[in-house]
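# Summary of structural features
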Amino acid sequence: MLLCSGIWSSPRSQCHTATTKRMTIKRVLHWQPNVGTSVNSQILNEVSQCVESINGVKEGRWKATLTFYKPMLRDQSLASEFPRDFLGIMVPECPNKYFFVIRTQRIVLEADSTIQTIMEKLQSYKMRVALNFEGFQYQLGDFQLRVGKVVPTHSENLRGIVMEVEYLPISSIEKSRQIMEEFLEIWQEALSKRTLPGHFMPMEPNFIEYGLSDHYSSQHTAVQYATVMAQLIASVQSVQSMRN
Amino acid sequence: MDMKFQTPTQPQPQPQQQESQALANPNASPDQPPQSTAEAPPKQVALALERLAQAGRLIADVRLGADRLLEALFVAAQPHQSNKPLHLFIKEDAAMRQHLQDLRTIGRQLEGTGVLNEPLRSRSNSWGLHMPLVCPDGAVVAYAWKRQLAGQAGASAVDRTRLALKAFTDQKKRFFPHLDDRVHDQSTEPESKKHCVPQALPASNQEELSDCKTLSDVLMRLEKEVPNLKIFTYERLDWLKRASSLPSLANESPLELLKEHNFHSSSKLRPGLQNTVAADKVAVIELLFPSIFRAIVSLHPVGSIEPDAVAFFSPDEGGNYIHARGSSVYHVFRHITEHAGTALQFFLGIRTETSLYFLLHWICSYQTLFSKVCSKCGQLLAMDKRLALLLPPVSRPYRHFFPTVTSSAQLISSTNEQSSDVVSAYHIGCFSEDAQ
């Protein structure tokens, strides 16, 4: 998975090994299907085509992973004391890092990627569900877009569609807010012409509650993925409850 | 016995002299008339290059000789040595003197043909590539067309002239669009009126601006008039060091970086400004609006109030390419830089003494880059059809631009009052010269 395209290589979109600090602003959106419908790969194709219709240039693939952990306890009655939504997230910009989020407690933690090996060896936590977010990434001038499907690892069962919108020149969330919103308007307008059964839901978690600053970083991305995950689960559950 | 010794040595110098004269002779004729029509410029250039190559080889020989001398000395310093080091030393000494003599000869030849001369030697960058050319009307043009003339040694004179003219017209169109407009303008405004308006400043404003005679004045005024702005000044080499140390991957938080830099700059300067001792060495001005942009302005000559280049960058960019003639990796800042180059030439053309003050204020109007919508279409972000890029309004008009002060009203007469909110902004496609 390369991020190179002509002269656009090193100065941006890379995670220094010593830090989480990122250069750019990113919004993660998930696909909210209309009531009564579900995601399918046709929608994914349409979305990709729409990106190309606004002059997006396909650059390469991307992949992020999200894992639900559950504690390995001898005494299962203690399980209720542990958070149910303990997530581990790997983002492609920082392959050496692994992020943990406990959404209900508004906790985000950055660790070295070897923590996964440690957890395995300690037999402290075990993977409950592991998901991949993968797809293609596109360059649109100073914007970078990623469109991806949400699938469980070792499965092709499409559980959702996500999108990342990144504005590269600045890294302040406040200063870039207007630009991001206008971009999303332009994007939603372009997409609405295709009359798809659903839309992308932008939501912005309250980063301050997680102790994060205005300066965007990979920790912000991890928090966004955790929030998106919660939304995806909620929408899948509502579809299931409708069917029942 | 003496005679025996002397006679063998006597004839020797003569053949040597004859040899050296013979050596000198083939070189003598090109030496004499560089201005004569006997040697066409391409041949002169080829000869000069050959001599420079010879000089290079001689310099290498000198270096080797120096090494050998040092080696001989080192060996001689060891105990139990024979006369061998002494002979080595004498041999090398003779060889070195010969090399240096040859080098002097070549140097004289190069001087004779005008390749090496005093002005060239006294300039640090002897090819004059950074020196803009000053036209008779006081305007400053970039040097690119001059390079055409120098570079096309192999082509004919006609080709060279044609290429130079083309490069010059391109540069002129790029940097002086208003000159073209005057020739082709069909608008209702009479030409003289259009010419006069930017220059007819109200008398009170001219008085205030005449206070800004030195770099310190300009920067102090700017600091007072524009809040949120951080100004730093540097000598040229210091800026290069700073640019390389700017974090491109943000391995420090921006706050830490600013604190660190303020420390460095304040060691030389008064906090936030420069003291009068360093002001005459200032060659680079950095304007930073944190989280928005960083603009670099270079001054020429050093310590003056004449800007000669400007470039915009992301506040998070770092590296050697961050300088007044550099180019950002981001489209938005690249386009602003291009527009700023035109504005710079305009301000210089109107009035050189106020050009820096106007330019810096105009640069400050970009603090609303990511918040101010286009005055024509009302959008912040728009797809530029020609470039196929989504950009915010990167063009701000400069023609009737007048620096405004949000604080004390006494500085500006009410007719010219604009706040920085009123200074308009346009997308590239929405911007037209007439709309200024």
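Residues numbered from 1 in each chain as written. Chains lettered and ligands numbered in written order. Predicted model: local features only at pLDDT ≥ 70, side-chain atom pairs only at ≥ 80, totals over all residues. Heavy atoms only, no water.

Chain B carries the name Mediator of RNA polymerase II transcription subunit 27 in an unreviewed UniProt entry, which gives Citrus x changshan-huyou as its organism. As stated in UniProt under Subcellular location (unreviewed entry), the record for chain B gives "Nucleus". (UniProt positions renumbered as here; feature names shortened; annotations may be inferred.)

Taking an unreviewed UniProt entry as the reference, chain A is identified by name as Mediator of RNA polymerase II transcription subunit 20a belonging to Citrus sinensis.

The helix and strand tally for chain B stands at 16 helices and eight strands. Contacts in chain B between residues at least 24 apart in sequence constitute 64% of all its contacts with a sequence separation of at least 6. (Helix = DSSP H or I, 4+ residues; strand = E, 2+ residues; numbered from the N terminus. Contact = heavy atoms within 4.5 Å.)

With that out of the way, let us pick up the pairing of strand S5 (residues 107-112) of chain A. Residues and elements named next belong to chain A. In terms of strand pairing, strand S4 (residues 97-102) meets S5 through six bridges, oriented antiparallel. Of the residues in S5, the one forming a bridge with Phe99 is Glu110. The antiparallel hairpin formed by S4 and S5 contains four residues in its connecting segment, where Arg106 sits at a positive phi of about 55°. (Pairing = 2+ DSSP bridges.)

Quick look at the nonpolar core now. Residue and element names in this part refer to chain B. Counting 112 residues, the largest nonpolar core has Ile285 and Ile363 as the members making the most contacts within it. Of the residues forming this core, the biggest block, nine residues, is contributed by helix H15 (residues 331-350). If sequence neighbours within four positions are ignored, Ile363 has contacts with Leu287, Phe293, Ala295, Val297, Val310 and Phe312. Core analysis: the second largest hydrophobic core is formed by 14 residues, Tyr234, Val284, Leu288 and Ile296 among them. (Core = buried A, V, L, I, M, F, W, Y, C linked by side-chain atoms within 4.5 Å. Buried < 20%, exposed > 50% of the residue type's maximum accessible area, 1.4 Å probe, protein only.)

Right, let's get into the sheet that holds strand S6 (residues 307-313) of chain B. Backbone-to-backbone hydrogen bonds pair the strands of a sheet. The strands run either parallel or antiparallel. Residue and element names in this part refer to chain B. With antiparallel pairing, four strands are arranged side by side in an open sheet as S3-S4-S5-S6. One side of each edge strand has no neighbouring strand; the edge strands of this open sheet are strand S3 (230-234) and S6. In this sheet, adjacent strand axes meet at a mean angle of 15° when their direction is disregarded. Pairing of strand S4 (residues 284-289) with strand S5 (residues 293-299) involves six bridges; the strand directions are antiparallel. When the bridges of S5 are listed, Leu288 appears paired with Arg294. Strands in contact with helix H12 (residues 236-245) are S3, S4 and S5; relative to S5, the strand with the most contacts, it is inclined by about 155°. (Axes fitted to C-alpha atoms, helices over the stretch in contact; angles between N-to-C directions.)

Attention now goes to the side chain of Thr221 of chain A. All names here are of chain A. Its place among the elements puts Thr221 in helix H4 (residues 218-243). Side chain to side chain, Thr221 and Tyr216 meet in a polar contact 2.9 Å long. Contacts of Thr221, omitting those with residues within four sequence positions, involve Lys26, Val91 and Tyr216. (Polar contact = N/O pair within 3.5 Å; in protein donor to acceptor, adjacent residues only side chain to side chain.)

Moving on: the pattern of salt bridges. Considering all chains together, one arrives at 19 salt bridges over all chains under this definition. Notably, a salt bridge pairs Arg221 of chain B with Glu225 of chain B, separated by 3.0 Å at the nearest N-O pair. Residue Arg221 of chain B and its partner Glu225 of chain B are located together in helix H11 (residues 215-225), separated by four residues, close to a single helical turn. Each member of the pair, Arg221 of chain B as well as Glu225 of chain B, is classed as buried. What emerges from the salt-bridge pattern is a single network uniting Lys26, Glu93, Arg146 and Glu164 of chain A. (Salt bridge = Lys/Arg side-chain N within 4 Å of Asp/Glu carboxyl O.)

In this section: the environment of Glu134 of chain A. Residues and elements named next belong to chain A. Take Glu134: it is sitting in strand S6 (residues 125-140). Measuring from C-alpha to C-alpha, the distance between Glu134 and Thr65 comes to 8.4 Å, with 69 residues separating the pair along the chain. For Glu134, the residues in contact, after removing those within four places along its chain, are Trp62, Lys63, Val147, Gly148, Lys149 and Val151.

Moving on to the packing of aromatic side chains. In this structure the tally under the stated criterion is 25 aromatic pairs over all chains. Geometrically, the ring pair formed by Phe143 of chain A and Phe183 of chain A is stacked, given 4.4 Å between the ring centres and 20° between the ring planes. Residue Phe143 of chain A is found in strand S7 (residues 143-152), and its partner Phe183 of chain A is found in helix H3 (residues 173-192); the two are separated by 40 residues along the sequence. The exposure class of Phe183 of chain A is buried, given its relative accessible area of 1%. One aromatic cluster in this structure is built from Phe289, Phe293, Phe312, Phe346, Phe347, Phe358, Trp362, Tyr366, Tyr398, Phe401 and Phe402 of chain B. Its guanidinium or amino end placed over the ring of Phe136 of chain A, Lys58 of chain A lies 3.8 Å from that ring's centre, counting from NZ or CZ. Residue placement shows Arg396 of chain B over the ring face of Tyr366 of chain B; its charged tip is 4.6 Å from the ring centre. (Phe/Tyr/Trp six-rings, centres within 6.5 Å; stacked < 30°, edge-to-face > 60°. Lys NZ or Arg CZ within 6 Å of the ring centre and 35° of its normal.)

Residue and element names in this part refer to chain A. Here nine strands make up an open sheet; going across it, the order is S5-S4-S3-S2-S6-S7-S8-S1-S9 and the pairing antiparallel. Each edge of the open sheet carries a strand with a single partner, namely S5 and strand S9 (198-202). Each strand of the sheet is rotated relative to its neighbour by a mean of 25°, with strand direction disregarded. Pairing analysis gives five bridges linking strand S1 (residues 25-33) to S9, with the strands arranged antiparallel. Note on S9: the bridge partner recorded for Trp31 is Phe200. On top of the sheet, helix H1 (residues 41-53) reaches S1, strand S2 (57-71), S6, S7, strand S8 (160-167) and S9; it is set at about 170° to S7, its chief contact. With respect to the sheet, helix H2 (residues 115-122) is in contact with S2, strand S3 (86-90), S4, S5 and S6, its orientation differing from that of S4 by roughly 65°.

Residues and elements named next belong to chain B. Closest axis-to-axis distance for the H15/helix H16 (residues 352-364) pair is 7 Å, and the angle between their directions is 150°. For the element pair H15 / H16, the angle class is roughly antiparallel. By crossing handedness, the relation of H15 to H16 is classed as right-handed. Note on element contacts: H16 touches H15 through Thr352, Ser355, Phe358, Leu359 and Trp362, opposite His339, Ala340, Ala343, Leu344, Phe347, Leu348 and Ile350. (Parallel < 35°, antiparallel > 145°, perpendicular 65-115°, else oblique. Left-handed = near helix turned anticlockwise from the far one by under 90°.)

Attention now goes to the confidence of the model for chain B. Regions with low pLDDT carry predicted coordinates that are not meant to be interpreted in detail. Residue and element names in this part refer to chain B. Considering every residue of chain B, the mean pLDDT works out to 71; 61% of them sit at 70 or more. In the model, residues 1-37 has pLDDT below 50 throughout and makes eleven contacts with residues more than four positions away in sequence or in other chains. Within the model, pLDDT remains below 50 along residues 124-131, and this stretch shows ten contacts once partners closer than five positions in the same chain are excluded. Complex prediction metrics read pTM 0.63 and ipTM 0.84. (pLDDT = per-residue confidence, 0-100.)

Quick look at H3 of chain A now. Residues and elements named next belong to chain A. For H3, built from 20 residues, the straight-helix expectation of 28 Å at 1.5 Å per residue is met to within 8% by its first-to-last C-alpha distance of 27 Å. A bend of about 30° at Ile179 is the largest found in H3. Buried residues of H3: Ile173, Ser176, Ile179, Met180, Glu182, Phe183, Leu184, Trp187, Ala190 and Leu191, and no others. (Expected span 1.5 Å × (residues − 1). Bend = angle between axes of the 7 residues up to and from the residue.)

Next up on the list: the packing of H1 of chain A against H3 of chain A. All names here are of chain A. It is the contact of H1 with H3, at a shortest axis distance of 10 Å, that shows an interaxial angle of 120°. In terms of orientation, H1 lies oblique with respect to H3. The two elements H1 and H3 meet at a crossing, and its hand is right-handed. Residues Val47, Cys50 and Val51 of H1 pack against Trp187, Ala190 and Leu191 of H3. Looking at the contact of H1 with H3 residue by residue, the class counts come to six nonpolar, no polar and no charged. (Nonpolar A, V, L, I, M, F, W, Y, C, P; charged D, E, K, R; others polar.)

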